[in-house]
2 protein chains.
Amino acid sequence: MRTLRAYDEAMSNEALVTKLRDLLGKSAVLTDTDVTASYARDMMPLAPSGKPLAVVLPANTEQVQAVVKACAEAGVPIVPRGAGSGLSGAANAIDGCVTLSLTKLNEIVEIDPGNRLAVVQPGVVNLDFRTAVEKHGLFYPPDPSSYDWCTIGGNLSTNAGGLCCVKYGVTTDSVLGLEVVLADGSLLKTGRRTVKGVAGYDLARLFVGSEGTLGVITQATVQLKPLPQAPATLVAGFSTTEAAGEAVARVVREGLVPSLLEIMDASSIKASETYLKTDLGAGSDCQALLLGQSDAGGEVARRELAALEQICVDCGADLAYTTEDLEEGRMLLQARRVVLTALETYGLWLTDDVCVPRTRIAELIRGCEKISAEVGLRIAVVGHAGDGNMHPTIVYQPDDPDEFARAQRAFDEILEVGLSLGGTVTGEHGVGKIKREWLAREIGPVGLRVHRQIKQALDPENLFNPGSMFSMT
Amino acid sequence: MRTLRAYDEAMSNEALVTKLRDLLGKSAVLTDTDVTASYARDMMPLAPSGKPLAVVLPANTEQVQAVVKACAEAGVPIVPRGAGSGLSGAANAIDGCVTLSLTKLNEIVEIDPGNRLAVVQPGVVNLDFRTAVEKHGLFYPPDPSSYDWCTIGGNLSTNAGGLCCVKYGVTTDSVLGLEVVLADGSLLKTGRRTVKGVAGYDLARLFVGSEGTLGVITQATVQLKPLPQAPATLVAGFSTTEAAGEAVARVVREGLVPSLLEIMDASSIKASETYLKTDLGAGSDCQALLLGQSDAGGEVARRELAALEQICVDCGADLAYTTEDLEEGRMLLQARRVVLTALETYGLWLTDDVCVPRTRIAELIRGCEKISAEVGLRIAVVGHAGDGNMHPTIVYQPDDPDEFARAQRAFDEILEVGLSLGGTVTGEHGVGKIKREWLAREIGPVGLRVHRQIKQALDPENLFNPGSMFSMT
C-alpha cells in the first residue's frame, strides 16, 4: 500500500510539474535539485527548510493565478518567495511544496507625481523602486538593510522596516491598495488610489505582514513622500548604557522626530572599530553610541540636531559631534552599517529582533550583556533606538554544535527579556518558521484562535505557506 | 402557531432583559421606548433605524463580555454605539436589538509621555482625550468635526478622519493596540505598546473601521505626536474651480505638507458669507476658496505658507493672504467651519462623503454643480482638499417628499461621480446602513466574498451589527 501511495503521489507530482510547464513554459519551472536548493532558504540559519517539488517563476498575475489553481487542485502547498533576504525562514521551502518566486513580476507599473503614489509589482528590488521614484522628486521610505537586493513583495509580506521608521513608519504605512491572488486562484483588488478611504475592512493591511500565509501579492499601490533634504548627522558617546537609554527616552518625551536614531552597544562599537581600523572618537570607556540624523534641511535640521545634541549632553554624553557634511555623515553611519560584517571576522552571526518600549532600551542591552556572559558568546546589540527595535546579534562558531546550541539558547533568552520589558518578539523580521511558539505566547490563546479563524476563512485547505507563522492545530 | 412563537419570543426577550439587569444593575438597562428612541439613530437622515429591545450601558469590559454572552445565548443582535455622531447609520438600532452604548467606559487609563502613548477607553470624548494629553505636551491628531462630543470608540470603529489628516493621517495611523470583546464573549488583546511590531496579523487595523461588525472595542493603545506649534493661516480665492484644483495638485506634487488644506466651492462661500454677514474678501466672482495652515512654527511655517501662497498665485489666485495672527486665522477658518450651520438657514442638509485622487477635485466639484442643476437643489461642496476627501452637502426641505427623493438621488449621483474619478464612496464617514450597495460595487464580488468570509469566521452567528456595511447573503 505504502509503495502504491508513493507511486500515486509521484505520478500526481509529475502531472503537476507537467501542467505547470504547460502553463508557464519550461524555463519558468525549475526542478533540478541543485537549482531549487538555492530557492529553499532565506538568510536565517536557525530556520528549518525542505526540498521543493518545483520552483516556479510566473511572469504575470494571470500565471500566478494559474499556478495557484493548479497547486490547489493537486493539493500541493505553495511557499511564496521574494529575493530571499528574510530573517525568519518565512520563505523557506517545505518538502514537496511549490516555491513561487515573484521576482519576474518586476515592473514599476506607474508613478503618479500629482497624487504622489506609485503602482508596483512585487518583484521590483527596493533600491530600484526608490531610485525610480527619486527621479520624480519622490521618496519611498521603507529601507530594510537589504534594500539593494530585497524586493517590494517581500517587504510587503513581512511589513519591513528599516532605518527610516522612526520618522516615516514601516511598509504598511505606505500601502494604499493591493492585488492579491487568493487560495482559489481568484484575484482580490483591495484598497484604493486615494489617501483616505473607509469603504470596508482594511484588507490591504491584513495581507501586509501576513508572510505569505493568506495569499500572493501581485501588485501594490503605495503612497510616496516628498524627497527629504540631505541629512545632517550627530554622533554621541556615553560611558553608560543607561545614559544613552535616557537620552533616547528624552528625545521621545521632548517630541523630537529625527529621521534616524540608531544605537550601538560596547560590543558593536568594538567590533566596528576593529574592523574599520579606526577609533570612533568615543574613548575606550564608551559603552554606547547614538547616531542621529535630521533630513529636514537647513536651519530646521540644524535646530533639530542642536536639540538632539543638547539632550545627549544633558544625559552625560562624553562625546557629541554634529556635521552637515554629507561625506562625513556617511562615514559616521558606516560604523553602524558595518557591524554585521565586522562580526563575521569572529564567526557566524545570528541576529535577533525584538522591539521594546523606547524607555526600556538600556534594560534590553543590559539583559543581553547578562545572556552573553551566561552562554559565553559575544552578543553585539545594534538597533533602531528611535522606535525601540533592537537587533542583538549573537556570534558563534558554525563548526561547533555546542556553540550553535548556546547561540539558539541566547536567541530565545533575548526574546524572553524583550517580552518581559513589555516588548514584542519581532519588530520587523517576522515570525516565519523560527518564532511560532513565541508568537503563540505573545498573542495568547484568543489571539491565536483569531489568527487560525482568519487563515481558515481565507485559505481553508492551508495551501499558502503552511506551518509558517503559526500551525493550524 | 404565530401567536405562540410571538409569545415565546416575548418571554425570551423578557428573560434577556431580566438577565441584563442582573448583570449590569437596573439603571444600566433602558427599555422605556421614549428613552431608547434617543439611542436608536445617529446623525444621518437617510439611514433606516429600528426599535431596540433595550439599551445597555455597561461600566467595564467584564460587563461588556457578560452582555455579549447573554445576547449570544438569546440570539439577540447587538448594535454597538458611541456618542451617535456618525453619518452613515452604522450605530442605528435594528428592531429587537440590544444597543450597547460604550459611553460609560470613559476612563483615560494611562498617559505615558516617555513612550508617547496613551491607553484609553472607548467612551472618552475625543476633545477630553485631546485636552488630557495636551497637558503632557502631546497631541492626538484625529479631529472629526464632531470632536467636542464624539467618542474615541466611535472614531476607532469608523476610522475617523478630520481636518488634520493631510499631515497626520486618520485614526488607524494612531492605533498601536486594541482590546476587543469577540462574539463568544472572549477578550482579544491585540497589537502592542511598541511603535513597531510584526508578530502576527495586523488584527488591530482589521477591527479599526469595521463599524462594530466584528467585535466591541473596549480599550485602545494609541501613539501620540509632539504638540504642534500654533498655526499660521493662508486664504486664497480663485475665479475658477479648476485653478483651485490645480493649486491643490501642485501642493501635492511639490511635496508641501500643510497641517490643513480645505476647499470651499462657490455655493459654500456664498452660504458662509451670508450667514456670517461678511465678505470673505474673495470678490463676487470667486468660485473656490482654499484655506491652508502650517503648524510647523516660526520660520518653517512662514516658508511653508509662502510656498503655498506662491503656488496659489501661480495658479491664478485673485486673493492670497497669509497671517500668523491666531485670532485672525481662527476667523478665516470660521468661514469653513460654519458652512453646515449656514446651510441650515436654507433647509436640512445631507452631507455626502467621497474621496477622490487629489488631481481630480475640480472635476468632482464640477460634477456636483451639474447634479445640483439636474435635481434642482442647492449642493455646497466643502472638503479636505489636501487628501481629496470631499463633502458635497445637499440642502432640501424636510417637509417636501419630492425634494427629499431628489436629495437622495443627488446623494447617489455624487457617489457615482466619485467612483468614476477613481475615488472611493466613503473617505471617512463609513458605509453603515446607507452605502451597502455602494460598498459592494466598489469592492466587487471577490472583495465582498472576503468580507463575508472574515465576518463569518469571527462572528458566525452574525451577532454584531447585522446588516450594517454589507449583508451576509
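If you're wondering where the values come from, they're calculated on a predicted model, not measured in any experiment.

**Overview of the interface of chain A and chain B**
So, point 1. Listed per partner, the contact involves 80 residues of chain A and 80 residues of chain B.
So, point 2. Taken together, the two surfaces of chain A and chain B that pack against each other cover about 5800 Å², and 62% of this comes from carbon and sulfur.
So, point 3. Three residues stand out in chain A for area buried against chain B, namely Lys196(A), Val198(A) and Tyr201(A), and they jointly supply 17% of the buried area on that side.
So, point 4. Here chain A and chain B share eight salt bridges between them.
So, point 5. Its salt-bridge partner being Lys196(B), residue Asp387(A) comes within 3.9 Å of it at the nearest N-O pair.
So, point 6. At the surface where chain A touches chain B, the tally comes to 26 residue pairs in polar contact (both at pLDDT 80 or more).
So, point 7. At the level of elements, β9 (187–191), α7 (203–207), α8 (241–253), α10 (298–314) and α15 (436–458) of chain A are the ones that each hand at least two residues to the side of chain A that touches chain B.

**Focus on the sheet that holds strand β2 (residues 54–56) of chain B**
Residues and elements named next belong to chain B.
So, point 1. Strand order in this open sheet of four strands is β1-β2-β4-β3, and the pairing throughout is mixed. Bordering the open sheet on either side are β1 (29–30) and β3 (78–81), each of which pairs with just one other strand.
So, point 2. Judged from the two bridges that link them, β1 and β2 form a sheet pairing that is antiparallel. Bridge pairing in β2 links Val29 to Val56.
So, point 3. In the packing of helix α3 (residues 61–74) onto the sheet, contacts are made with β2, β3 and β4 (98–101), and the angle to β4 comes to roughly 170°.

**With respect to the packing of aromatic side chains**
For any pair of aromatic rings, the description consists of the separation of the ring centres together with the inter-plane angle of the planes.
So, point 1. Applying the stated criterion across every chain, the model contains eight aromatic pairs over all chains.
So, point 2. Here the aromatic rings of Phe470(A) and Tyr201(B) are separated by 5.7 Å at their centres, their planes lie at 80°, and the arrangement is edge-to-face. Here the residue Phe470(A) occupies a position in the segment after α15, and Tyr201(B) occupies one in the loop between β9 (187–191) and α7 (203–207), the pair thus bridging two chains.
So, point 3. Accessibility expressed as a relative area gives 3% for Tyr201(B), which makes it buried.
So, point 4. Here the aromatic rings of Phe139(B) and Tyr168(B) are separated by 5.1 Å at their centres, their planes lie at 80°, and the arrangement is edge-to-face. On the criterion of sequence distance, the pair formed by Phe139(B) in strand β7 (residues 138–139) and Tyr168(B) in helix α6 (residues 165–168) is long-range, its members being 29 residues apart. Exposure class is identical for Phe139(B) and Tyr168(B). Each is buried.
So, point 5. When the ring centre of Tyr147(B) is taken as reference, the NZ or CZ atom of Arg130(B) above it lies at 5.8 Å.

**Focus on the domain arrangement of chain A**
Residue and element names in this part refer to chain A.
So, point 1. Once the domains are mapped, chain A shows domain 1 (2–101), domain 2 (108–226), domain 3 (232–420) and domain 4 (445–473).
So, point 2. A straight line from the C-alpha centre of domain 2 to that of domain 3 covers 28 Å.
So, point 3. In this complex, domain 2 contributes seven residues to the contact, which on the side of domain 3 involves twelve residues.
So, point 4. Here domain 2 meets domain 3 over a buried area of about 830 Å², counting both sides, of which 57% is carbon and sulfur.
So, point 5. Summed over the three residues of domain 2 that lose the most area to domain 3, namely Leu163, Val166 and Lys167, the buried surface amounts to 75% of that side.

**A look at the packing of helix α14 (residues 401–420) of chain B against helix α15 (residues 436–458) of chain B**
Residues and elements named next belong to chain B.
So, point 1. Across the interface, α14 lies against α15 with an axial gap of 12 Å and an inter-helix angle of 10°. One finds that α14 runs roughly parallel with respect to α15. Crossing handedness for the pair α14 and α15: right-handed. Mapping the contact onto sequence places Asp412, Leu415, Glu416 and Leu419 in α14 and Trp438, Arg441 and Glu442 in α15.
So, point 2. A per-class count over the contact of α14 with α15 returns three nonpolar, no polar and four charged.

**Quick word on the relation of the copies chain A and chain B**
Both copies of the chain are related by one operation, a rotation about an axis with a shift along it.
So, point 1. For the pair chain A and chain B, the best superposition has an RMSD of 0.0 Å and corresponds to a rotation of 180° with a translation of 0.0 Å parallel to the axis. Considering both components of the superposition, the chain copies are consistent with a two-fold axis.
So, point 2. Both copies present the same face, since 100% of the interface residues in chain A are matched by interface residues at the equivalent positions in chain B.

**Description of the UniProt feature "domain: FAD-binding PCMH-type" (unreviewed entry) in chain A**
So, point 1. The residues that UniProt annotates with the feature "domain: FAD-binding PCMH-type" (unreviewed entry) are residues 48–227 of chain A.
So, point 2. This span, residues 48–227 of chain A, is 22% helix and 24% strand, and a straight line between its end C-alpha atoms measures 40 Å.

**Quick notes on a nonpolar patch on the surface**
So, point 1. Taken together, Leu4(A), Tyr7(A) and Met11(A) make up a surface patch of nonpolar side chains, about 330 Å² in accessible area.
So, point 2. Mapped onto the elements, Met11(A) comes out in helix α1 (residues 2–24).

**Some points on unusual backbone geometry**
All names here are of chain B.
So, point 1. Of note, the phi angle at Asn159 is positive, near 50°, even though the residue is not glycine.
So, point 2. Among the secondary structure elements, Asn159 is positioned in the loop between α5 (152–158) and α6.
So, point 3. One non-glycine residue, Asn465, lies in the positive phi region at around 45°.
So, point 4. Relative to the helices and strands, Asn465 is located in the segment after α15.
So, point 5. When its relative accessible area of 1% is taken as the criterion, Asn465 is described as buried.

**Section: the packing of helix α13 (residues 361–375) of chain B against α14(B)**
All names here are of chain B.
So, point 1. Running from N to C, α13 and α14 point in directions that differ by 155°, and their axes come no closer than 10 Å. Relative to α14, the element α13 lies roughly antiparallel. The element α13 and its partner α14 pack so that their crossing is right-handed. Across from Leu364, Gly367, Cys368, Ile371, Glu374 and Val375 in α13, the residues of α14 making contact are Arg406, Arg409, Ala410, Glu413, Ile414, Val417 and Gly418.
So, point 2. Here the residues of the contact of α13 with α14 are counted per class, giving seven nonpolar, two polar and four charged.

Conventions we followed
- Each chain has its residues counted from 1, following the order in which its sequence is written.
- Chain A is the first chain written and ligand 1 is the first ligand written, with later ones labelled in order.
- Where local features are concerned, this predicted model is filtered to residues with pLDDT of at least 70; where side-chain atom pairs are given and counted, the filter is 80 or more; whole-chain, interface and lining totals use all residues.
- Excluding hydrogens and water, the side-chain values take into account all heavy atoms of the structure.
- Any two residues whose heavy atoms approach within 4.5 Å at even a single point are treated as in contact.
- The quantity reported as buried area is the accessible area (1.4 Å probe) lost by two parts once they are put together, taken as the sum for both.
- We define a salt bridge as a side-chain nitrogen of Lys or Arg found within 4 Å of a carboxyl oxygen belonging to Asp or Glu.
- Residues adjacent in sequence count toward polar contacts only when both atoms are side-chain atoms; beyond that, a polar contact is any pair of N or O atoms within 3.5 Å, and within protein one must be able to donate a hydrogen and the other to accept it.
- Only DSSP runs of H or I covering at least 4 residues are called helices, and only runs of E covering at least 2 are called strands; the numbering of each starts at the N terminus.
- The rule for pairing is simple: two strands pair if DSSP sees at least two bridges between them.
- Axis lines are fitted through C-alpha atoms, for helices just across the contact stretch, and the angle between N-to-C directions can take any value from 0 to 180 degrees.
- Aromatic pairing here means that ring centres of Phe, Tyr or Trp (its six-membered ring) are within 6.5 Å. Orientation follows from the plane angle: under 30 degrees is stacked, over 60 is edge-to-face, and everything else is tilted.
- Think of it in three bands: residues with accessible area under 20% of the maximum for their type are buried, residues over 50% are exposed, and the middle band is partly exposed, with areas taken using a 1.4 Å probe on protein chains only.
- We call a charge positioned above a ring when the Lys NZ or Arg CZ atom is no farther than 6 Å from the ring centre and deviates by at most 35 degrees from the ring normal.
- How far each domain reaches was decided by an automatic or database domain assignment.
- Should an angle fall under 35 degrees it is called roughly parallel, over 145 degrees roughly antiparallel, and 65 to 115 degrees roughly perpendicular, with every other angle called oblique.
- The sense of a crossing depends on the near helix, which, turned anticlockwise from the far helix by less than a right angle, makes the crossing left-handed and, turned clockwise, makes it right-handed.
- Asp, Glu, Lys and Arg are counted as charged, while Ala, Val, Leu, Ile, Met, Phe, Trp, Tyr, Cys and Pro are counted as nonpolar; the rest, among them Gly, fall into the polar class.
- Copies overlap after least-squares fitting; the atoms used are the C-alpha atoms of residues with pLDDT of at least 70 in both.
- UniProt positions are given in the numbering used here, feature names are shortened, and annotations may be inferred rather than shown by experiment.
- Surface patches are drawn from residues lacking salt bridges whose relative accessible area is over 30%; two like charges belong together within 9 Å, two nonpolar side chains (Val, Leu, Ile, Met, Phe, Trp, Tyr) within 5 Å.
- All accessibility values rest on the Shrake-Rupley procedure with a 1.4 Å probe; residue burial counts only the protein chains present in the view.

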